[in-house]
2 protein chains.
Amino acid sequence: MTENRARRWVGYRPEIRIVDCTIRDGGLMNDHKFTDEVVQAVYHACSAGGIDYMEIGYKGARGMYTEGEHGKWRFCSEDDLKRVVESGDGLVSRTKLSVMADVDRTDHKNDLLPREDSEISMVRVATYIHQIPAAIELVTAAADKGYETCVNIMALSTAPRNELEGALELLAKCPTGAIYVVDSFGSLYGEQVREYVDLYLSHAGPAGKEVGVHNHNNQQLAFANTIEAIVRGANLVDGSLAGMGRGAGNCPTELLAGFLHNPRYHLRPLIHCVQHHIEPLRQDVRWGFDIPYMLCGLLNQHPRSAMEFNESDRHADWVAFYDEITTV
Amino acid sequence: MTENRARRWVGYRPEIRIVDCTIRDGGLMNDHKFTDEVVQAVYHACSAGGIDYMEIGYKGARGMYTEGEHGKWRFCSEDDLKRVVESGDGLVSRTKLSVMADVDRTDHKNDLLPREDSEISMVRVATYIHQIPAAIELVTAAADKGYETCVNIMALSTAPRNELEGALELLAKCPTGAIYVVDSFGSLYGEQVREYVDLYLSHAGPAGKEVGVHNHNNQQLAFANTIEAIVRGANLVDGSLAGMGRGAGNCPTELLAGFLHNPRYHLRPLIHCVQHHIEPLRQDVRWGFDIPYMLCGLLNQHPRSAMEFNESDRHADWVAFYDEITTV
């Protein structure tokens with residue numbers, strides 16, 4: 001109307017790419033114990049739906065996680081990845097695979113093969129603000145091995161502003177392909193997301209890097225905040241089928257695909273997968289917006305207290321949770 | 001960061017008022033058949049929570065609706081309202097009552113008493129774009145009787161732009177206190193909401209009227225779009241407890257109260273009511289985001305087809321709904 005900028009979304013911006021995190025972020029709710037059937041169904045749906053990347057799990061160091069206690073998508077061995085990729089024989093297009101590598105919890109020397117010997121296309125380094133030098137070491141190693149790379153600064157909403165600017169200056173000089181705005185606690189509002197994306201782009205843009213965005217849905221803002229980030233120039237956007245992810249979950253991939261209007265994306269296979277493979281998981285895995293997660297988002301806190309509460313006998317007594325979380 | 005406008009929300013804008021529509025909009029899902037216990041619980045929670053208005057139902061014409069088939073909150077007789085208000089004896093503060101009056105379905109001559117003889121404080125006229133003269137007649141009658149007034153132009157997203165501007169010109173000259181941006185189909189994105197609020201304010205502002213906003217959650221954007229409207233200057237904002245409302249439901253009142261930071265609002269009584277009175281209604285009444293409602297929002301359609309589908313035997317077969325709604 002006054003500006004009528006919204007009309008441009010009848011078209012699309014081809015640079016935008018979707019990273020579906022269903023298995024990786026959802027794995028934080030079931031110790032990465034997905035069956036091959038579900039992982040392959042997500043791979044097939046992402047491929048048929050034109051989704052650019054599927055983040056399939058973590059590259060967790062064997063010495064730090066116990067097999068059995070943690071499912072195989074905590075490790076993403078090449079054998080496990082190969083089985084998924086081979087299950088897609090006959091697919092017209094293939095979604096690229098991405099893995100997340102936690103700083104200090106990844107044995108990149110032993111576990112990351114050279115890109116040409118791996119099923120992995122992209123390595124995303126997850127770091128807290130106090131680990132930036134180690135994150136740069138890890139992302140440099142991944143880039144040297146030929147991978148596409150991202151650095152995701154987690155828990156952004158609790159990082160002091162001057163440290164964040166220092167981190168962005170350092171990251172702009174390292175080989176990472178993208179820097180991610182990550183609202184781990186689902187506490188950010190649209191204006192804040194716009195301001196963070198502007199800040200990140202002011203460092204990443206001149207260095208030829210993309211900015212990405214990963215949101216949580218504690219305040220029902222994950223999709224909206226992803227759109228706001230896109231409008232400001234973020235080109236890598238995270239989603240997950242049915243919003244499956246830690247706590248309140250993520251921005252639903254199916255909403256993103258609907259909004260973006262890129263003819264590469266197809267909604268039907270995504271809805272098929274949600275109906276047949278993701279929603280049935282709710283029998284055992286509980287994710288998505290609720291009052292305890294809302295309160296964590298509102299108070300800018302890690303969802304851990306709400307996750308514990310939701311697992312307890314008292315999970316239906318939201319007033320009790322309110323009283324606990326607001327009592328110093 | 002570049003602008004840092006978000007920081008102002010650490011404070012609050014005292015002009016903003018919340019209209020809780022739990023019973024009125026939720027009544028579209030159960031034919032307005034709430035028990036007195038639930039309606040009174042919402043009244044007490046809104047009062048204790050500092051919510052400014054509670055919209056308790058429709059002023060439906062007796063000749064157009066059959067009692068029994070439609071519950072009493074389709075009519076909002078003064079006797080029924082009195083019982084609710086008297087149940088609040090002893091409350092420190094009282095939420096004002098609002099009713100919705102549908103154009104052509106309200107017998108204002110017989111059913112609207114003079115304001116001083118009624119429990120109602122505000123009358124909100126719901127109109128489609130082709131009923132504007134009748135809406136002005138109705139809102140003028142309500143204003144003449146002493147009520148606070150609003151006009152809600154429904155299904156905005158399907159109104160031709162030139163008709164909408166014509167409507168706003170006429171409404172700016174009538175006695176209504178506010179004009180509402182209503183995203184009936186939950187199809188609008190943030191930029192579109194901002195542009196509509198700017199357009200509405202360009203007419204309403206010079207005439208000394210407020211702009212309001214009422215959103216539906218088909219694309220999980222109801223809360224986000226309400227914030228965007230607030231940022232652009234909307235001062236009357238609709239919510240409902242647990243988002244209860246037609247189809248995908250509304251912006252949750254508890255999220256709004258958390259965001260607005262006005263010390264008048266208190267979250268605990270709202271959460272208490274959600275836990276003890278609203279969530280238990282889900283045993284019989286199904287509202288909130290799902291894939292069929294998402295598709296209606298994405299395609300800018302009335303949720304009626306999704307509501308029928310969700311009531312049918314096939315309600316779990318979302319792919320079938322996708323095929324139907326995308327087949328001409």
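Keep in mind the model is a prediction, meaning the values are calculated, not measured.

**Q** Would you mind going over the domain arrangement of chain A with me for this structure?
**A** Quite often, the size of an interface is put as the accessible area lost when its parts meet. All names here are of chain A. You can read the domains of chain A as domain 1 (12-283) and domain 2 (291-325). Just the C-alpha atoms count here: the centres of domain 1 and domain 2 sit 26 Å apart. Note on domain 1 versus domain 2: buried area summed over both sides is about 930 Å², and carbon and sulfur give 60% of it. It is Phe185, Asn218 and Arg246 in domain 1 that bury the most area against domain 2; as a group they hold 50% of the surface buried on that side. Where domain 1 touches domain 2, the interface holds 0 salt bridges. Between domain 1 and domain 2 we count 3 residue pairs in polar contact (both at pLDDT 80 or more) in total. Here the residues of the side of domain 1 that touches domain 2 are counted per class, giving 5 nonpolar, 7 polar and 1 charged.

**Q** Help me understand the interface of chain B and chain A, please; the structure alone is not making it clear to me.
**A** Facing the 51 residues of chain B at the interface are 51 residues of chain A. With both sides pooled, the region where chain B packs onto chain A buries about 4500 Å², and carbon together with sulfur makes up 64% of that total. Here chain B and chain A share 6 salt bridges between them. Salt-bridge contacts for Arg268(A) lead to Asp323(B); the nearest nitrogen and oxygen are separated by 2.7 Å. The set of elements that each furnish at least two residues to the side of chain B that touches chain A consists of α7 (190-204), α8 (222-232), α9 (253-260), α10 (267-278), α11 (291-298) and α13 (318-325) of chain B. Here the element with the most residues in the side of chain B that touches chain A is α7(B); it accounts for 8 residues. Of the residues assigned to the side of chain B that touches chain A, the class counts are 26 nonpolar, 10 polar and 15 charged.

**Q** Explanation requested: the sheet that holds strand β3 (residues 96-102) of chain A in the structure shown.
**A** Backbone-to-backbone hydrogen bonds join strands into a sheet, with any given pair of strands oriented parallel or antiparallel. Residue and element names in this part refer to chain A. Taken in spatial order, the 8 strands of this closed barrel run β1-β2-β3-β4-β5-β6-β7-β8, and their pairing is parallel. Averaged over all pairs of adjacent strands, the angle between strand axes in this sheet comes to 25°, irrespective of strand direction. Against the sheet, helix α5 (residues 132-144) touches β3, β4 (120-127) and β5 (148-153), its axis set at about 175° to β4.

**Q** Would you mind going over the nonpolar core with me for this structure?
**A** What tends to happen in soluble globular proteins is that the nonpolar side chains get buried as a cluster. In terms of nonpolar packing, the biggest core is built from 201 residues, with Ile56(A), Tyr200(A), Ile56(B) and Tyr200(B) touching the most fellow members. Each residue touching Tyr200(A), except ones within four places of it in the same chain, is listed here: Ile153(A), Leu156(A), Leu164(A), Leu168(A), Ile179(A), Tyr180(A), Val181(A) and Val211(A).

**Q** So what exactly am I meant to see when it comes to the side chain of Thr22(B) here?
**A** Residue and element names in this part refer to chain B. You can see Thr22 is positioned in helix α1 (residues 22-26). From its side chain, Thr22 meets the backbone nitrogen of Leu241 in a polar contact 2.9 Å long. With near-sequence residues (within four places) excluded, Thr22 lies in contact with Gly27, Phe34, Val42, Gly239, Ser240, Leu241, Met244 and Ile278.

**Q** I'm lost on the packing of aromatic side chains in this one. Help?
**A** The way to describe two aromatic rings as a pair is by their centre distance and the angle between their planes. Inspection of the entire model under this criterion finds 10 aromatic pairs over all chains. Ring geometry for Trp9(A) versus Phe259(A): centroids 5.3 Å apart, planes at 40°, classification tilted. With Trp9(A) in the segment before β1 (17-20) and Phe259(A) in helix α9 (residues 253-260), the pair connects residues that are 250 residues apart, well separated along the chain. Connected via pairs of aromatic rings, a cluster forms that spans Trp9(A), Phe223(A), Phe259(A) and Tyr189(B). A cation over an aromatic ring shows up here: Arg124(B) above the ring of Tyr180(B), its NZ or CZ 4.7 Å from the ring centre. Sitting over the face of the ring of Trp287(B), Arg282(B) holds its NZ or CZ atom 4.0 Å from the ring centroid.

**Q** How should helix α12 (residues 304-311) of chain A be read in this particular structure?
**A** Every α-helix carries 3.6 residues per turn, so stepping three or four residues along brings you back to the same face. Residue and element names in this part refer to chain A. For α12, the complete set of buried residues consists of Ala306, Met307, Phe309 and Asn310. Within α12, the buried residues cover an arc of 165° as seen down the axis, which keeps them to one side. Summarising the geometry of α12, the exposed residues directed more than 90 degrees from the buried face are Glu308 and Glu311. On its buried side, α12 packs onto α11 (291-298) and α13 (318-325).

**Q** Would you explain the sheet that holds strand β7 (residues 210-215) of chain B in this entry?
**A** All names here are of chain B. Ordered by their spatial adjacency, 8 strands build a closed barrel running β1-β2-β3-β4-β5-β6-β7-β8, and the pairing between neighbours is parallel. Strand-to-strand, the axes of this sheet are offset by a mean angle of 25°, without reference to chain direction. Two elements, strand β1 (residues 17-20) and strand β8 (residues 236-239), share 4 bridges in a ladder whose sense is parallel. By the bridge assignment for β8, Arg17 is matched with Leu236. Across the sheet, α8 is in contact with β6 (178-183), β7 and β8; its angle to β7 comes to roughly 170°. Of the strands in this sheet, β1 and β8 touch α9, which is tilted by about 170° from β1.

**Q** Quick question: what am I supposed to make of the relation of the copies chain B and chain A here?
**A** Overlaying chain B with chain A gives an RMSD of 0.0 Å, the required rotation being 180° about an axis along which the chain moves by 0.0 Å. Those values place the two copies in the arrangement expected of a two-fold rotation axis. A share of 100% of the interface residues of chain B reappears at the interface of chain A, consistent with the copies meeting face to face through the same patch.

**Q** In this structure, what is going on with the pattern of salt bridges? I would like to understand it.
**A** If charged atoms from side chains of opposite charge come close, those side chains can pair. The final tally for this structure, using the stated rule, is 44 salt bridges over all chains. A salt bridge links Arg124(A) to Glu55(A); its shortest N-O distance comes to 2.6 Å. Remark: Glu55(A) occurs in strand β2 (residues 53-58) and Arg124(A) occurs in strand β4; sequence separation between them is 69 residues. The exposure classification of Arg124(A) matches that of Glu55(A), with both residues buried. Ionic pairing is found between Arg17(B) and Glu148(B), a salt bridge with its closest N-O pair at 4.0 Å.

**Q** Just checking my understanding: could you explain the environment of Tyr12(A) for this structure?
**A** Residues and elements named next belong to chain A. Among the structural elements, Tyr12 can be located in the segment before β1. When its relative accessible area of 39% is taken as the criterion, Tyr12 is described as partly exposed. In the structure, Tyr12 is positioned 248 residues away from Leu260 in sequence and 6.1 Å away in space, judged by C-alpha atoms. Non-local contacts of Tyr12, meaning those with residues more than four positions away in its chain, are made with Leu260, His261, Asn262 and Pro263.

**Q** Help me out: how do you make sense of α11(A) in this one?
**A** Residue and element names in this part refer to chain A. α11 sits mainly inside the fold: 7 of its 8 residues count as buried. Its side-chain oxygen placed 2.9 Å from the backbone nitrogen of Tyr293, Asp290 serves as the N-cap of α11. Following α11 by one or two positions, Asn300 has its phi on the positive side, about 55°.

**Q** Where do I start with unusual backbone geometry in this structure?
**A** Note: most peptide bonds trans; most residues except glycine with negative phi. Backbone geometry places Asp31(A), a non-glycine residue, at a positive phi of 50°. You will see that Cys76(B), though not glycine, has its phi angle at about 50°, which is positive. Within the fold, Cys76(B) resides in the loop between β2 (53-58) and α3 (78-87).

**Q** I'm lost on the packing of α11(A) against α12(A) in this one. Help?
**A** Angle between the axes and distance between the axes: these two values describe a pair of packed helices. Residues and elements named next belong to chain A. Packing of α11 against α12 leaves a shortest axis separation of 9 Å and a crossing angle of 165°. Put simply, α11 runs roughly antiparallel to α12. Our pair here, α11 against α12, has a crossing hand that is right-handed. Residues Pro292, Tyr293 and Cys296 of α11 lie in contact with α12, whose contacting residues are Ser305, Ala306, Met307, Phe309 and Asn310. Partitioning the contact of α11 with α12 into residue classes produces 6 nonpolar, 2 polar and no charged.

Definitions and limits used
Every chain is numbered on its own, with residues counted from 1 as its sequence reads. In the order they appear in the text, chains get letters beginning with A and ligands get numbers beginning with 1. In view of the model being predicted, local features appear only for residues whose pLDDT reaches at least 70, and side-chain atom pairs are presented and counted only at 80 or more, with totals across whole chains, interfaces and linings using the full set of residues. The basis for every side-chain value is the complete set of non-hydrogen atoms in the structure, without hydrogens or water. These domain boundaries are the output of an automatic or database domain assignment. For any pair of parts, buried area is found by adding up, for both, the accessible area (1.4 Å probe) each one loses once the two are put together. Each salt bridge in this description consists of a side-chain nitrogen of Lys or Arg and a carboxyl oxygen of Asp or Glu lying within 4 Å of one another. Contacts described as polar in this section are N or O atom pairs within 3.5 Å, which, within protein, must combine one atom able to donate a hydrogen with one able to accept it, while residues neighboring in sequence count only if both atoms come from side chains. In the scheme used here, Gly and all other residues not listed as nonpolar or charged are polar, with Ala, Val, Leu, Ile, Met, Phe, Trp, Tyr, Cys and Pro taken as nonpolar and Asp, Glu, Lys and Arg as charged. Contacts are assigned to residue pairs that have any heavy atoms within 4.5 Å of one another. The secondary structure listing takes helices from DSSP runs of H or I that are at least 4 residues long and strands from runs of E that are at least 2 residues long, numbered from the N terminus. A pair of strands is treated as paired once DSSP finds two or more bridges between them. Helix axes use the C-alpha atoms of the stretch in contact, all axes being lines fitted to C-alpha atoms, and the angles between their N-to-C directions lie in the range 0 to 180 degrees. Working definition of a nonpolar core: buried Ala, Val, Leu, Ile, Met, Phe, Trp, Tyr and Cys residues. They are joined through side-chain atoms within 4.5 Å. Each residue is placed in one exposure class: buried if its accessible area under a 1.4 Å probe, protein chains only, is under 20% of its type's maximum, exposed if it is over 50%, and partly exposed if it falls in between. Two rings from Phe, Tyr or Trp (for Trp, the six-membered ring) form a pair when their centres sit within 6.5 Å of each other. Planes less than 30 degrees apart are called stacked, planes more than 60 degrees apart edge-to-face, and all others tilted. To sit over a ring, a charge needs its Lys NZ or Arg CZ within 6 Å of the ring centre and within 35 degrees of the ring normal. When we speak of the arc, we mean the arc of directions from the helix axis to the C-beta atoms. Copy-to-copy alignment: least squares on C-alpha atoms, limited to residues at pLDDT 70 or above in both. Orientation categories follow fixed angle ranges, with anything under 35 degrees roughly parallel, anything over 145 roughly antiparallel, 65 to 115 roughly perpendicular, and all other angles oblique. Should the near helix be turned anticlockwise from the far one by less than a right angle, the crossing is termed left-handed; should it be turned clockwise, right-handed.

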